[in-house]
Number of protein chains: 2
Amino acid sequence: MISLSMINEYMSKLRDWSLEESAIVKNYRFPNFKRAMEFLNEVAEVSERMNHHPDITLSYNLLRLRLTTHSEKGLTSKDFEAAIEIDKLKDY
Amino acid sequence: MISLSMINEYMSKLRDWSLEESAIVKNYRFPNFKRAMEFLNEVAEVSERMNHHPDITLSYNLLRLRLTTHSEKGLTSKDFEAAIEIDKLKDY
């Protein structure tokens, strides 16, 4: 698990992620499905590299990523470190 | 829209899709995230080719596809034709 002060510090480093009770979530809108899939493949590469995988929802051009640490049943630093890496990707 | 008899005929051609009120749904389990993404990319190619895109949910190795025709607010033959093409892909 992770302290509230650490959560606040991490959240200040993220771009457009929302904090939920046990996860962080980001919604993306792309020009079309193809562009959304291109971005999703980059997210997949980051996920494999970090061995931490967001829950993914994709409806045509609308992508939602949700990071939580299933094994800990809540947020850990792994979620925020993955989000920081995802935020480095070109997402438009 | 589509008649009940056509729905029944289409359903008999599909492999492991469930009929919901206004959609058809299929759940897949892959050995890992990488294999799920590989399959998802093949589904994406079919979707672009047919210009009909399933709603996608991916949680590590568990993939869920949901086909509905948003513009018609329900099932149409486009959903079933897309499902038939998706069923031709190697999904394990």
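For the structure given in this document, a descriptive report is provided here. Since the model is a prediction, treat every value here as computed from it, not as a measurement.

A few points about the overall build of chain A
Reasoning step 1: Of the regular secondary structure elements, chain A holds three helices and four strands.
Reasoning step 2: Moving toward the C terminus, one meets the helices and strands of chain A in the order α-β-β-α-β-β-α.
Reasoning step 3: Its C-alpha atoms give chain A a radius of gyration of 13 Å, within 12% of the compact-globule value 12 Å for 92 residues.
Reasoning step 4: Principal axes of the C-alpha set define a box for chain A whose edges measure 40 × 25 × 20 Å.
Reasoning step 5: In chain A, buried positions account for 50% of the 92 residues.
Reasoning step 6: Contacts in chain A between residues at least 24 apart in sequence constitute 64% of all its contacts with a sequence separation of at least 6.
Reasoning step 7: Only carbon and sulfur atoms are counted for the fraction: they give 47% of the accessible area of chain A, which is about 5,000 Å².

Notes on the packing of helix H1 (residues 4-13) of chain A against helix H3 (residues 77-87) of chain A
All names here are of chain A.
Reasoning step 1: Contact geometry of H1 with H3 gives a least axis separation of 10 Å together with a crossing angle of 10 degrees. Regarding the angle of H1 to H3, the classification is roughly parallel. When H1 is examined against H3, the residues Ile7, Tyr10, Met11 and Lys13 are found in contact with a partner set consisting of Ser77, Phe80, Glu81 and Ile84.
Reasoning step 2: Here the residues of the contact of H1 with H3 are counted per class, giving five nonpolar, one polar and two charged.

Overview of the relation of the copies chain B and chain A
The pair of chain copies shares a relation made of a rotation about an axis and a shift along it.
Reasoning step 1: Each copy superposes on the other: chain B lies on chain A with an RMSD of 0.0 Å after a rotation of 180 degrees and an axial shift of 0.0 Å. In symmetry terms, the pair is related by a two-fold rotation axis. Residue Thr57 of chain B, judged by its C-alpha, is the member of chain B lying nearest the rotation axis, at 2.3 Å.
Reasoning step 2: A symmetric contact is evident, with 100% of the interface residues of chain B recurring at the interface of chain A.

A look at the packing of aromatic side chains
Each aromatic ring pair is specified by the distance between its two centres and by the angle formed by the two planes.
Reasoning step 1: Tallying each qualifying case throughout the model produces 10 aromatic pairs over all chains.
Reasoning step 2: Centre to centre, the rings of Tyr28 of chain B and Phe30 of chain B are 5.9 Å apart; their planes meet at 15 degrees, and the pair counts as stacked. The exposure classification of Tyr28 of chain B matches that of Phe30 of chain B, with both residues buried.
Reasoning step 3: One aromatic cluster in this structure is built from Tyr28, Phe30 and Phe39 of chain A.

Some words on the pattern of salt bridges
Residue and element names in this part refer to chain A.
Reasoning step 1: Applying the stated rule across the entire model yields 16 salt bridges over all chains.
Reasoning step 2: When the shortest N-O distance is used, the salt bridge between Asp87 and Lys26 registers 2.7 Å. Residue Asp87 is found in helix H3, and its partner Lys26 is found in strand E2 (residues 24-29); the two are separated by 61 residues along the sequence. Just as Asp87 is buried, Lys26 falls in that class too.
Reasoning step 3: Taking the shortest distance from any N to any O, the salt bridge between Lys26 and Asp91 comes out at 3.8 Å.

Thresholds applied
- Residues numbered from 1 in each chain as written.
- Chains lettered and ligands numbered in written order.
- Predicted model: local features only at pLDDT ≥ 70, side-chain atom pairs only at ≥ 80, totals over all residues.
- Heavy atoms only, no water.
- Helix = DSSP H or I, 4+ residues; strand = E, 2+ residues; numbered from the N terminus.
- Rg over C-alpha atoms; globule rule 2.2 N^0.38 Å.
- Buried < 20%, exposed > 50% of the residue type's maximum accessible area, 1.4 Å probe, protein only.
- Contact = heavy atoms within 4.5 Å.
- Areas by Shrake-Rupley, 256 points an atom, 1.4 Å probe, with all protein chains shown as cover.
- Axes fitted to C-alpha atoms, helices over the stretch in contact; angles between N-to-C directions.
- Parallel < 35°, antiparallel > 145°, perpendicular 65-115°, else oblique.
- Nonpolar A, V, L, I, M, F, W, Y, C, P; charged D, E, K, R; others polar.
- Least-squares fit on C-alpha atoms with pLDDT ≥ 70 in both.
- Phe/Tyr/Trp six-rings, centres within 6.5 Å; stacked < 30°, edge-to-face > 60°.
- Salt bridge = Lys/Arg side-chain N within 4 Å of Asp/Glu carboxyl O.

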